[in-house]
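Next come the chains, spelled out residue by residue.
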Amino acid sequence: MAPFVEVCRYYKPAAPFSLCTCPCRSTPTNSLILPQLSKKYSNLRLLASKPSSHPRFSFNRSRVITAVARVEPEHLGDDGSSKEEDEIVKEDLSLDQQREKSRSQFKKRVVSGLGIGLSVGGVVLAGGWVFTLAVAAAVLLSAREYFELVRSKGIAQGMTPPPRYLSRVCSVICALMPILTLYFGHIDIAVTSSAFVVAMALLLQRGRNPRFSQLSSTMFGLFYCGYLPCFWVKLRCGLTAPVLGRSWPVLLGGQGHWTVGLVAILVSFCGIIASDTFAFLGGKAFGKTPLISISPKKTWEGAVAGLVGCITITVLLSKSLSWPQPLVSTIAFGVLNFLGSVFGDLTESMIKRDAGVKDSGSLIPGHGGILDRVDSYVFTGALAYSFVRLHGV
(Lines give C-alpha, C1' and ligand atoms only; values in the text may rest on other atoms or scores of the structure.)
Protein backbone atom coordinates (compact mmCIF):
# COMPACT_ATOMS: atom_id res chain seq x y z
CA MET A 1 0.00 0.00 0.00
CA ALA A 2 1.30 3.45 -0.90
CA PRO A 3 2.41 5.72 1.95
CA PHE A 4 -0.02 8.36 2.96
CA VAL A 5 -0.49 11.37 5.20
CA GLU A 6 -3.62 11.38 7.29
CA VAL A 7 -5.21 14.77 7.84
CA CYS A 8 -7.22 15.25 10.98
CA ARG A 9 -10.86 15.92 10.44
CA TYR A 10 -10.97 18.50 13.22
CA TYR A 11 -9.89 21.94 12.12
CA LYS A 12 -10.29 25.53 13.23
CA PRO A 13 -12.61 27.78 11.24
CA ALA A 14 -9.98 30.47 11.05
CA ALA A 15 -7.35 28.20 9.56
CA PRO A 16 -8.97 25.71 7.20
CA PHE A 17 -7.26 22.47 6.33
CA SER A 18 -4.90 22.83 9.29
CA LEU A 19 -3.57 19.88 11.20
CA CYS A 20 -4.59 19.85 14.86
CA THR A 21 -4.50 17.43 17.69
CA CYS A 22 -7.35 15.01 18.12
CA PRO A 23 -9.01 15.30 21.53
CA CYS A 24 -8.70 11.58 22.12
CA ARG A 25 -4.93 11.47 21.60
CA SER A 26 -2.06 12.92 23.51
CA THR A 27 0.24 15.43 21.88
CA PRO A 28 3.26 13.69 20.38
CA THR A 29 6.60 14.81 21.60
CA ASN A 30 8.59 13.67 18.54
CA SER A 31 8.61 15.67 15.35
CA LEU A 32 6.80 14.41 12.27
CA ILE A 33 9.15 13.34 9.46
CA LEU A 34 7.60 13.25 6.00
CA PRO A 35 8.99 11.58 2.90
CA GLN A 36 10.44 13.66 0.11
CA LEU A 37 7.65 14.46 -2.34
CA SER A 38 7.88 14.84 -6.09
CA LYS A 39 7.20 17.93 -8.18
CA LYS A 40 3.66 16.69 -8.63
CA TYR A 41 2.97 17.60 -5.02
CA SER A 42 5.03 20.78 -4.97
CA ASN A 43 1.93 22.76 -4.01
CA LEU A 44 1.92 20.86 -0.71
CA ARG A 45 4.16 22.71 1.73
CA LEU A 46 4.70 22.76 5.45
CA LEU A 47 4.23 26.11 7.14
CA ALA A 48 6.03 26.94 10.31
CA SER A 49 3.81 28.45 12.93
CA LYS A 50 4.46 29.82 16.31
CA PRO A 51 6.48 27.71 18.70
CA SER A 52 3.42 27.02 20.81
CA SER A 53 1.24 25.99 17.87
CA HIS A 54 1.32 22.79 15.84
CA PRO A 55 2.62 22.69 12.24
CA ARG A 56 0.02 23.26 9.54
CA PHE A 57 -0.45 22.08 5.96
CA SER A 58 -1.43 24.66 3.37
CA PHE A 59 -2.87 23.69 0.00
CA ASN A 60 -3.73 25.40 -3.23
CA ARG A 61 -7.35 26.50 -3.06
CA SER A 62 -7.98 25.26 -6.61
CA ARG A 63 -7.36 21.66 -5.51
CA VAL A 64 -9.44 19.50 -3.23
CA ILE A 65 -7.61 17.58 -0.55
CA THR A 66 -8.81 14.14 0.37
CA ALA A 67 -8.28 12.20 3.56
CA VAL A 68 -5.39 10.26 2.06
CA ALA A 69 -2.63 11.71 -0.17
CA ARG A 70 -0.91 8.94 -2.09
CA VAL A 71 2.73 9.19 -3.01
CA GLU A 72 3.98 7.55 -6.22
CA PRO A 73 6.61 4.87 -5.56
CA GLU A 74 8.80 5.92 -8.44
CA HIS A 75 9.30 9.36 -6.88
CA LEU A 76 10.56 7.98 -3.56
CA GLY A 77 14.26 8.26 -2.90
CA ASP A 78 14.70 4.61 -1.76
CA ASP A 79 13.14 2.98 -4.85
CA GLY A 80 16.49 2.00 -6.43
CA SER A 81 17.76 0.44 -3.24
CA SER A 82 14.53 -1.57 -2.87
CA LYS A 83 15.04 -3.05 -6.35
CA GLU A 84 18.62 -3.97 -5.50
CA GLU A 85 17.42 -5.59 -2.27
CA ASP A 86 14.83 -7.59 -4.24
CA GLU A 87 17.55 -8.81 -6.61
CA ILE A 88 19.77 -9.81 -3.68
CA VAL A 89 16.88 -11.69 -2.09
CA LYS A 90 16.21 -13.52 -5.38
CA GLU A 91 19.88 -14.46 -5.68
CA ASP A 92 19.90 -15.74 -2.10
CA LEU A 93 16.79 -17.79 -2.79
CA SER A 94 18.32 -19.25 -5.96
CA LEU A 95 21.51 -20.17 -4.09
CA ASP A 96 19.48 -21.79 -1.33
CA GLN A 97 17.49 -23.73 -3.92
CA GLN A 98 20.68 -24.91 -5.63
CA ARG A 99 22.16 -26.00 -2.31
CA GLU A 100 18.97 -27.82 -1.37
CA LYS A 101 18.89 -29.51 -4.78
CA SER A 102 22.52 -30.61 -4.50
CA ARG A 103 21.87 -31.98 -1.00
CA SER A 104 18.87 -33.97 -2.19
CA GLN A 105 20.85 -35.33 -5.14
CA PHE A 106 23.69 -36.30 -2.82
CA LYS A 107 21.25 -38.13 -0.54
CA LYS A 108 19.79 -39.97 -3.51
CA ARG A 109 23.26 -40.93 -4.69
CA VAL A 110 24.22 -42.24 -1.26
CA VAL A 111 21.02 -44.24 -0.78
CA SER A 112 21.12 -45.65 -4.32
CA GLY A 113 24.83 -46.42 -4.03
CA LEU A 114 24.35 -48.33 -0.79
CA GLY A 115 21.46 -50.29 -2.24
CA ILE A 116 23.41 -51.16 -5.38
CA GLY A 117 26.52 -52.07 -3.38
CA LEU A 118 24.67 -54.47 -1.09
CA SER A 119 22.82 -56.06 -4.02
CA VAL A 120 25.97 -56.49 -6.08
CA GLY A 121 27.84 -57.92 -3.10
CA GLY A 122 25.18 -60.55 -2.54
CA VAL A 123 25.09 -61.46 -6.24
CA VAL A 124 28.89 -61.80 -6.42
CA LEU A 125 28.98 -64.03 -3.33
CA ALA A 126 26.21 -66.21 -4.76
CA GLY A 127 27.98 -66.75 -8.08
CA GLY A 128 26.80 -69.30 -10.64
CA TRP A 129 23.51 -68.65 -12.43
CA VAL A 130 22.56 -65.85 -10.02
CA PHE A 131 25.64 -63.85 -10.94
CA THR A 132 25.33 -64.68 -14.65
CA LEU A 133 21.68 -63.66 -14.90
CA ALA A 134 22.44 -60.41 -13.06
CA VAL A 135 25.23 -59.65 -15.54
CA ALA A 136 22.91 -60.49 -18.44
CA ALA A 137 20.23 -58.10 -17.13
CA ALA A 138 22.79 -55.31 -16.70
CA VAL A 139 24.11 -55.97 -20.21
CA LEU A 140 20.63 -55.80 -21.71
CA LEU A 141 19.86 -52.45 -20.08
CA SER A 142 23.29 -51.06 -20.97
CA ALA A 143 22.94 -52.13 -24.60
CA ARG A 144 19.56 -50.46 -24.89
CA GLU A 145 20.96 -47.22 -23.47
CA TYR A 146 23.95 -47.42 -25.80
CA PHE A 147 21.83 -47.76 -28.93
CA GLU A 148 19.58 -44.93 -27.74
CA LEU A 149 22.69 -42.75 -27.45
CA VAL A 150 23.66 -43.75 -30.99
CA ARG A 151 20.23 -42.67 -32.21
CA SER A 152 20.34 -39.32 -30.37
CA LYS A 153 20.47 -36.05 -32.27
CA GLY A 154 24.07 -35.29 -31.39
CA ILE A 155 25.39 -38.49 -32.98
CA ALA A 156 22.72 -39.07 -35.63
CA GLN A 157 23.43 -35.67 -37.27
CA GLY A 158 26.85 -36.84 -38.43
CA MET A 159 26.03 -40.46 -39.21
CA THR A 160 23.24 -42.85 -40.04
CA PRO A 161 22.19 -44.90 -36.99
CA PRO A 162 21.23 -48.55 -37.35
CA PRO A 163 17.53 -49.40 -37.70
CA ARG A 164 15.63 -49.62 -34.46
CA TYR A 165 14.68 -53.27 -34.92
CA LEU A 166 18.33 -54.19 -35.42
CA SER A 167 19.31 -52.27 -32.28
CA ARG A 168 16.84 -54.32 -30.26
CA VAL A 169 18.11 -57.56 -31.77
CA CYS A 170 21.69 -56.58 -30.89
CA SER A 171 20.62 -55.80 -27.31
CA VAL A 172 19.16 -59.30 -26.96
CA ILE A 173 22.30 -60.86 -28.46
CA CYS A 174 24.45 -58.96 -25.96
CA ALA A 175 22.29 -60.22 -23.08
CA LEU A 176 22.68 -63.83 -24.28
CA MET A 177 26.47 -63.66 -24.39
CA PRO A 178 27.06 -63.98 -20.60
CA ILE A 179 24.70 -66.97 -20.47
CA LEU A 180 26.53 -68.66 -23.35
CA THR A 181 29.82 -67.93 -21.60
CA LEU A 182 28.68 -69.74 -18.46
CA TYR A 183 27.28 -72.69 -20.43
CA PHE A 184 30.07 -73.20 -22.97
CA GLY A 185 33.01 -71.53 -21.24
CA HIS A 186 33.81 -69.34 -24.26
CA ILE A 187 31.81 -67.41 -26.85
CA ASP A 188 34.23 -66.99 -29.74
CA ILE A 189 31.96 -68.83 -32.17
CA ALA A 190 28.84 -67.10 -30.85
CA VAL A 191 30.36 -63.63 -31.19
CA THR A 192 31.64 -64.33 -34.72
CA SER A 193 28.28 -65.74 -35.83
CA SER A 194 26.38 -62.81 -34.30
CA ALA A 195 28.60 -60.27 -36.03
CA PHE A 196 28.10 -62.03 -39.37
CA VAL A 197 24.30 -62.11 -38.99
CA VAL A 198 24.13 -58.42 -38.00
CA ALA A 199 26.36 -57.39 -40.91
CA MET A 200 24.18 -59.32 -43.39
CA ALA A 201 21.03 -57.73 -41.94
CA LEU A 202 22.51 -54.27 -42.48
CA LEU A 203 23.66 -55.00 -46.03
CA LEU A 204 20.33 -56.52 -47.08
CA GLN A 205 18.01 -53.98 -45.47
CA ARG A 206 15.23 -52.70 -47.71
CA GLY A 207 14.40 -49.13 -48.54
CA ARG A 208 17.76 -47.73 -47.37
CA ASN A 209 21.30 -47.77 -48.58
CA PRO A 210 23.61 -49.42 -46.03
CA ARG A 211 26.14 -47.07 -44.46
CA PHE A 212 29.48 -47.78 -42.83
CA SER A 213 28.43 -45.78 -39.76
CA GLN A 214 25.63 -48.27 -39.17
CA LEU A 215 28.01 -51.20 -39.33
CA SER A 216 30.68 -49.61 -37.13
CA SER A 217 28.29 -48.47 -34.40
CA THR A 218 26.57 -51.86 -34.32
CA MET A 219 29.80 -53.87 -34.20
CA PHE A 220 31.17 -51.66 -31.44
CA GLY A 221 27.92 -52.13 -29.53
CA LEU A 222 28.29 -55.92 -29.70
CA PHE A 223 31.88 -55.65 -28.50
CA TYR A 224 31.41 -52.93 -25.89
CA CYS A 225 28.10 -53.99 -24.34
CA GLY A 226 28.16 -57.76 -24.94
CA TYR A 227 31.58 -59.28 -25.35
CA LEU A 228 33.61 -57.36 -22.76
CA PRO A 229 31.27 -57.92 -19.76
CA CYS A 230 31.48 -61.67 -20.35
CA PHE A 231 34.98 -61.68 -18.84
CA TRP A 232 33.45 -61.07 -15.42
CA VAL A 233 31.55 -64.35 -15.81
CA LYS A 234 34.74 -66.11 -16.85
CA LEU A 235 36.57 -64.63 -13.86
CA ARG A 236 33.88 -65.45 -11.27
CA CYS A 237 32.66 -68.80 -12.56
CA GLY A 238 35.63 -70.04 -14.56
CA LEU A 239 38.47 -69.86 -12.02
CA THR A 240 37.27 -72.40 -9.47
CA ALA A 241 40.57 -73.20 -7.71
CA PRO A 242 40.26 -72.65 -3.93
CA VAL A 243 42.23 -69.88 -2.28
CA LEU A 244 45.29 -71.22 -0.45
CA GLY A 245 46.55 -70.33 3.00
CA ARG A 246 43.27 -69.90 4.85
CA SER A 247 40.39 -72.11 5.99
CA TRP A 248 37.11 -70.25 5.56
CA PRO A 249 34.26 -70.84 8.06
CA VAL A 250 31.19 -72.78 7.00
CA LEU A 251 29.04 -69.67 7.49
CA LEU A 252 31.05 -67.96 4.75
CA GLY A 253 30.67 -70.86 2.36
CA GLY A 254 33.66 -72.95 3.33
CA GLN A 255 36.96 -73.43 1.58
CA GLY A 256 35.39 -74.65 -1.65
CA HIS A 257 33.26 -71.52 -2.05
CA TRP A 258 36.11 -69.01 -1.76
CA THR A 259 37.77 -69.57 -5.09
CA VAL A 260 40.46 -67.58 -6.84
CA GLY A 261 37.81 -66.06 -9.11
CA LEU A 262 35.67 -64.89 -6.17
CA VAL A 263 38.59 -63.25 -4.37
CA ALA A 264 39.86 -61.67 -7.59
CA ILE A 265 36.49 -60.18 -8.47
CA LEU A 266 35.96 -58.84 -4.94
CA VAL A 267 39.38 -57.20 -4.96
CA SER A 268 38.77 -55.77 -8.41
CA PHE A 269 35.27 -54.45 -7.62
CA CYS A 270 36.42 -52.83 -4.38
CA GLY A 271 39.42 -51.32 -6.16
CA ILE A 272 37.16 -49.73 -8.79
CA ILE A 273 34.85 -48.32 -6.11
CA ALA A 274 37.83 -46.93 -4.21
CA SER A 275 39.23 -45.43 -7.42
CA ASP A 276 35.99 -43.59 -8.22
CA THR A 277 35.47 -42.44 -4.63
CA PHE A 278 39.00 -41.18 -4.01
CA ALA A 279 39.12 -39.53 -7.42
CA PHE A 280 35.89 -37.67 -6.67
CA LEU A 281 36.99 -36.54 -3.21
CA GLY A 282 40.51 -35.64 -4.34
CA GLY A 283 39.19 -33.68 -7.30
CA LYS A 284 36.79 -31.74 -5.09
CA ALA A 285 39.47 -30.90 -2.53
CA PHE A 286 42.60 -30.36 -4.64
CA GLY A 287 41.54 -30.52 -8.30
CA LYS A 288 42.97 -27.67 -10.40
CA THR A 289 44.60 -29.23 -13.49
CA PRO A 290 42.12 -30.63 -16.08
CA LEU A 291 42.80 -34.22 -17.06
CA ILE A 292 41.23 -34.34 -20.53
CA SER A 293 38.80 -32.26 -22.57
CA ILE A 294 36.35 -35.15 -22.94
CA SER A 295 35.43 -34.87 -19.26
CA PRO A 296 36.22 -31.31 -18.01
CA LYS A 297 35.42 -32.11 -14.37
CA LYS A 298 38.18 -34.72 -14.07
CA THR A 299 41.55 -33.46 -12.89
CA TRP A 300 45.06 -34.86 -12.55
CA GLU A 301 44.91 -34.38 -8.79
CA GLY A 302 41.74 -36.47 -8.65
CA ALA A 303 43.31 -39.15 -10.85
CA VAL A 304 46.34 -39.41 -8.56
CA ALA A 305 44.05 -39.67 -5.52
CA GLY A 306 42.07 -42.40 -7.28
CA LEU A 307 45.23 -44.34 -8.11
CA VAL A 308 46.46 -44.17 -4.51
CA GLY A 309 43.06 -45.23 -3.17
CA CYS A 310 42.77 -48.14 -5.62
CA ILE A 311 46.24 -49.47 -4.79
CA THR A 312 45.65 -49.09 -1.03
CA ILE A 313 42.35 -50.97 -1.05
CA THR A 314 43.77 -53.67 -3.34
CA VAL A 315 46.72 -54.32 -1.01
CA LEU A 316 44.57 -54.35 2.14
CA LEU A 317 41.97 -56.72 0.69
CA SER A 318 44.62 -58.99 -0.78
CA LYS A 319 46.13 -59.47 2.66
CA SER A 320 42.72 -59.90 4.31
CA LEU A 321 41.38 -62.39 1.74
CA SER A 322 44.64 -64.38 1.46
CA TRP A 323 45.30 -63.35 -2.14
CA PRO A 324 48.18 -65.64 -3.22
CA GLN A 325 50.33 -62.97 -4.86
CA PRO A 326 53.46 -61.04 -3.86
CA LEU A 327 53.21 -57.36 -3.03
CA VAL A 328 54.55 -56.21 -6.41
CA SER A 329 51.93 -58.22 -8.30
CA THR A 330 49.20 -56.91 -6.01
CA ILE A 331 50.22 -53.31 -6.70
CA ALA A 332 50.31 -54.06 -10.43
CA PHE A 333 46.81 -55.52 -10.17
CA GLY A 334 45.62 -52.32 -8.48
CA VAL A 335 47.17 -50.14 -11.19
CA LEU A 336 45.51 -52.29 -13.86
CA ASN A 337 42.12 -51.95 -12.21
CA PHE A 338 42.59 -48.20 -11.99
CA LEU A 339 43.50 -47.87 -15.68
CA GLY A 340 40.55 -49.99 -16.75
CA SER A 341 38.22 -47.93 -14.58
CA VAL A 342 39.46 -44.57 -15.86
CA PHE A 343 39.47 -45.44 -19.56
CA GLY A 344 36.08 -47.13 -19.31
CA ASP A 345 34.68 -43.97 -17.73
CA LEU A 346 36.29 -41.76 -20.37
CA THR A 347 34.95 -43.93 -23.22
CA GLU A 348 31.40 -43.57 -21.98
CA SER A 349 31.96 -39.83 -21.44
CA MET A 350 33.06 -39.53 -25.07
CA ILE A 351 29.88 -41.25 -26.26
CA LYS A 352 27.67 -39.02 -24.09
CA ARG A 353 29.56 -35.90 -25.19
CA ASP A 354 28.94 -36.67 -28.86
CA ALA A 355 25.32 -37.48 -28.08
CA GLY A 356 24.92 -34.17 -26.25
CA VAL A 357 23.47 -35.67 -23.06
CA LYS A 358 24.55 -35.63 -19.43
CA ASP A 359 23.41 -39.14 -18.45
CA SER A 360 22.82 -42.25 -20.48
CA GLY A 361 19.43 -42.72 -18.81
CA SER A 362 17.40 -42.11 -15.67
CA LEU A 363 16.99 -45.62 -14.29
CA ILE A 364 18.95 -45.12 -11.05
CA PRO A 365 17.95 -42.09 -8.89
CA GLY A 366 20.87 -39.69 -8.49
CA HIS A 367 23.17 -41.77 -10.72
CA GLY A 368 21.60 -41.64 -14.19
CA GLY A 369 21.42 -44.78 -16.30
CA ILE A 370 22.84 -48.25 -15.80
CA LEU A 371 25.61 -47.50 -18.30
CA ASP A 372 26.72 -44.57 -16.13
CA ARG A 373 27.32 -46.99 -13.25
CA VAL A 374 28.96 -49.88 -15.11
CA ASP A 375 31.19 -47.88 -17.47
CA SER A 376 34.19 -48.35 -15.16
CA TYR A 377 33.70 -52.14 -15.19
CA VAL A 378 33.46 -52.72 -18.97
CA PHE A 379 37.18 -52.90 -19.79
CA THR A 380 38.32 -53.86 -16.29
CA GLY A 381 36.86 -57.37 -16.46
CA ALA A 382 38.97 -58.35 -19.45
CA LEU A 383 42.11 -56.82 -17.88
CA ALA A 384 41.56 -58.54 -14.51
CA TYR A 385 40.87 -61.94 -16.08
CA SER A 386 43.92 -61.70 -18.33
CA PHE A 387 46.14 -60.68 -15.40
CA VAL A 388 45.03 -63.59 -13.22
CA ARG A 389 45.38 -66.13 -16.00
CA LEU A 390 48.82 -64.89 -17.07
CA HIS A 391 50.11 -64.99 -13.50
CA GLY A 392 48.81 -68.54 -13.07
CA VAL A 393 47.01 -67.81 -9.82
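Residues numbered from 1 in each chain as written. Predicted model: local features only at pLDDT ≥ 70, side-chain atom pairs only at ≥ 80, totals over all residues. Heavy atoms only, no water.

Asker: Go over the overall build of the protein, please, and point to the residues and values.
Answerer: Across its full length, the protein holds twelve helices and four strands. Residue burial in the protein is summarised as follows: out of 393 residues, 35% are buried. The contacts in the protein between residues at least 6 apart in sequence include a share of 68% that link residues at least 24 apart. When the accessible area of the protein is evaluated, it comes to approximately 24,100 Å², of which 63% is carbon and sulfur surface. (Helix = DSSP H or I, 4+ residues; strand = E, 2+ residues; numbered from the N terminus. Buried < 20%, exposed > 50% of the residue type's maximum accessible area, 1.4 Å probe, protein only. Contact = heavy atoms within 4.5 Å. Areas by Shrake-Rupley, 256 points an atom, 1.4 Å probe, with all protein chains shown as cover.)

Asker: Could you give an account of the packing of aromatic side chains, with specific residues and numbers?
Answerer: Applying the stated criterion across every chain yields a total of 14 aromatic pairs. A centroid spacing of 5.2 Å and a plane angle of 15 degrees characterise the contact between Phe220 and Tyr224, whose relative ring orientation is stacked. Taken together, the residues span about one helical turn, with Phe220 and Tyr224 both in helix 6 (residues 212-227) at a distance of four residues. In this structure Phe220 comes out as partly exposed when scored by relative accessible area, which is 30%. Tyr224 gets classed as buried once you look at its relative accessible area, which sits at 1%. Ring plane angle 55 degrees and centroid distance 6.1 Å describe the contact between Tyr224 and Phe379, whose orientation is recorded as tilted. On the criterion of sequence distance, the pair formed by Tyr224 in helix 6 and Phe379 in helix 12 (residues 378-391) is long-range, its members being 155 residues apart. Aromatic rings pair up to connect Tyr146, Phe147, Phe220, Tyr224 and Phe379 into one cluster. (Phe/Tyr/Trp six-rings, centres within 6.5 Å; stacked < 30°, edge-to-face > 60°.)

Asker: An account of the nonpolar core is needed here, citing residue identities and associated values.
Answerer: Grouped together as the largest cluster of nonpolar side chains are 54 residues, with contacts concentrated most on Trp232, Leu235, Ile265 and Val388. Secondary-structure elements contributing two or more residues to this core are helix 2 (128-150), helix 4 (164-184), helix 5 (188-203), helix 6, helix 7 (230-238), helix 8 (260-286), helix 10 (327-355) and helix 12. Broken down by element, the residue count for this core peaks at nine residues, all from helix 8. With residues near it in sequence (within four places) discarded, Trp232 still touches Phe131, Ile265, Ser268, Phe269, Ile272, Tyr377, Thr380 and Gly381. If you look at the next biggest cluster of nonpolar residues, it comprises five residues, including Ala303, Cys310, Val342 and Leu346. (Core = buried A, V, L, I, M, F, W, Y, C linked by side-chain atoms within 4.5 Å.)

Asker: Give a detailed account of the environment of Ser386, specifying residues and quantitative values.
Answerer: Examined against the element boundaries, Ser386 turns out to sit in helix 12. For Ser386, a relative accessible area of 33% translates into the label partly exposed. A sequence separation of 151 residues divides Ser386 from Leu235, and the C-alpha atoms of the two residues are 9.1 Å apart. Within the structure, Ser386 has its side chain in polar contact with the backbone oxygen of Ala382 (distance 2.8 Å). (Polar contact = N/O pair within 3.5 Å; in protein donor to acceptor, adjacent residues only side chain to side chain.)

Asker: Provide a residue-level description of the packing of helix 2 against helix 4, including the pertinent values.
Answerer: One way to put it is that helix 2 packs onto helix 4 with a least axis distance of 8 Å and a crossing angle of 160 degrees. Judged on the interaxial angle alone, helix 4 and helix 2 are roughly antiparallel. Relative to helix 4, the crossing made by helix 2 is right-handed. Residue-level inspection shows Gly128, Trp129, Thr132, Leu133, Val135, Ala136, Val139, Leu140, Ala143, Arg144, Phe147 and Glu148 of helix 2 in contact with helix 4, the latter providing Arg164, Ser167, Cys170, Ser171, Val172, Cys174, Ala175, Pro178, Ile179 and Leu182. Its residues assigned to classes, the contact of helix 2 with helix 4 shows 15 nonpolar, four polar and three charged. (Axes fitted to C-alpha atoms, helices over the stretch in contact; angles between N-to-C directions. Parallel < 35°, antiparallel > 145°, perpendicular 65-115°, else oblique. Left-handed = near helix turned anticlockwise from the far one by under 90°. Nonpolar A, V, L, I, M, F, W, Y, C, P; charged D, E, K, R; others polar.)

Asker: Break down unusual backbone geometry for me, citing the residues and quoting the values.
Answerer: Despite not being glycine, Ser322 has its phi angle at roughly 55 degrees, a positive value. Within the secondary structure, Ser322 is located in the loop between helix 9 (300-320) and helix 10. On the basis of relative accessible area, Ser322 is assigned to the buried category, the value being 16%.

Asker: Can you explain the pattern of salt bridges? Please cite residues and give values.
Answerer: Scanning the entire structure with this criterion turns up four salt bridges. Residue Lys352 pairs with Glu348 through a salt bridge whose shortest N-O separation is 3.6 Å. In this pair, Lys352 and Glu348 are both assigned in helix 10, four residues apart and thus about one turn of the helix distant. Assessed through its relative accessible area of 13%, Lys352 is described here as buried. Glu348 sits in the buried class, given a relative accessible area of 0%. Between Lys352 and Asp372 there is a salt bridge, with the nearest N and O atoms lying 3.1 Å from each other. Of the two residues, Lys352 sits in helix 10 while Asp372 sits in helix 11 (residues 370-374), which places them 20 residues apart along the sequence. (Salt bridge = Lys/Arg side-chain N within 4 Å of Asp/Glu carboxyl O.)

Asker: Explain helix 12 to me, and be specific about the residues and the numbers.
Answerer: Looking only at helix 12, the buried set comprises Val378, Thr380, Gly381, Ala382, Ala384, Tyr385, Phe387 and Val388. The secondary structure elements touched by the buried residues of helix 12 are helix 6, helix 7, helix 8, helix 10 and helix 11.

Asker: How would you sum up a nonpolar patch on the surface? Please name residues and give values.
Answerer: Together, Phe196, Val197, Met200, Leu203 and Leu204 make up an exposed nonpolar region whose accessible area comes to about 530 Å². Summarising the element assignment, Val197 is placed in helix 5. (Patch = residues over 30% accessible without salt bridge, like charges linked within 9 Å, V, L, I, M, F, W, Y side chains within 5 Å.)

Asker: Give a detailed account of helix 5, specifying residues and quantitative values.
Answerer: Its 16 residues place the ends of helix 5 23 Å apart at the C-alpha level, agreeing with the 22 Å of an ideal helix rising 1.5 Å per residue. Those residues of helix 5 that are buried lie in contact with helix 4 and helix 6. (Expected span 1.5 Å × (residues − 1).)

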